[in-house]
Amino acid sequence: MVENVTADLDEYLPMLGSLNASFECLSAYHLWAETTAEPDHIYEAARNSQMLSEAIEAFFPARR
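Overview of the structure. In this text the structure is predicted, and so the values were computed from the model without any measurement.

### Some details on unusual backbone geometry
Thinking step 1. The residue alanine 37 is not glycine, and still its phi comes out positive at about 60 degrees.
Thinking step 2. Tracing the sequence through the fold places alanine 37 in the loop between helix H1 (18–36) and helix H2 (41–48).

Pasting the structure below:
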């Protein structure tokens, strides 16, 4: 992405890509929740949302 490099292309700036940064933050949160045995509120919210649950089921059907 264009925002990930400086104007002279000498330096790579990975955290300036906002989409990549958001995925890194989400991943860090999930890792923290798993390693500390704390509840993962993001997954919990996704499971409690009927619309998200149906979308997840459409893409990742339960194994039978």
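### Regarding H1
Thinking step 1. An ideal rise of 1.5 Å per residue puts 27 Å on 19 residues; H1 measures up with 27 Å between its terminal C-alpha atoms.
Thinking step 2. Buried residues of H1: Ala21, His30 and Ala33, and no others.
Thinking step 3. The inward-facing, buried residues of H1 abut H2.
Thinking step 4. Immediately beyond the C-terminal end of H1, within one or two residues, lies alanine 37, with a positive phi of roughly 60 degrees.

### Observations regarding the packing of H2 against helix H3 (residues 50–59)
Thinking step 1. Remark: H2 packs on H3, axes separated minimally by 5 Å, with the N-to-C direction vectors making an angle of 90 degrees. Accordingly, the angle class assigned to the pair H2 and H3 is roughly perpendicular. On H3, the residues that touch Ala46, Arg47 and Asn48 of H2 are Gln50, Leu52, Ser53 and Ile56.
Thinking step 2. Partitioning the contact of H2 with H3 into residue classes produces three nonpolar, three polar and one charged.

### Quick word on the packing of aromatic side chains
Thinking step 1. All chains considered together, the criterion is met by one aromatic pair.
Thinking step 2. Each ring, one from tyrosine 29 and one from tryptophan 32, has its centre 5.8 Å from the other, and the planes form 35 degrees; the classification is tilted. In this pair, tyrosine 29 and tryptophan 32 are both assigned in helix H1, three residues apart and thus about one turn of the helix distant.
Thinking step 3. Looking at tyrosine 29, the relative accessible area reads 23%, which means it is partly exposed.
Thinking step 4. Tryptophan 32 sits in the partly exposed class, given a relative accessible area of 42%.

Thresholds applied
- Residues numbered from 1 in each chain as written.
- Predicted model: local features only at pLDDT ≥ 70, side-chain atom pairs only at ≥ 80, totals over all residues.
- Heavy atoms only, no water.
- Helix = DSSP H or I, 4+ residues; strand = E, 2+ residues; numbered from the N terminus.
- Expected span 1.5 Å × (residues − 1).
- Buried < 20%, exposed > 50% of the residue type's maximum accessible area, 1.4 Å probe, protein only.
- Contact = heavy atoms within 4.5 Å.
- Axes fitted to C-alpha atoms, helices over the stretch in contact; angles between N-to-C directions.
- Parallel < 35°, antiparallel > 145°, perpendicular 65-115°, else oblique.
- Nonpolar A, V, L, I, M, F, W, Y, C, P; charged D, E, K, R; others polar.
- Phe/Tyr/Trp six-rings, centres within 6.5 Å; stacked < 30°, edge-to-face > 60°.

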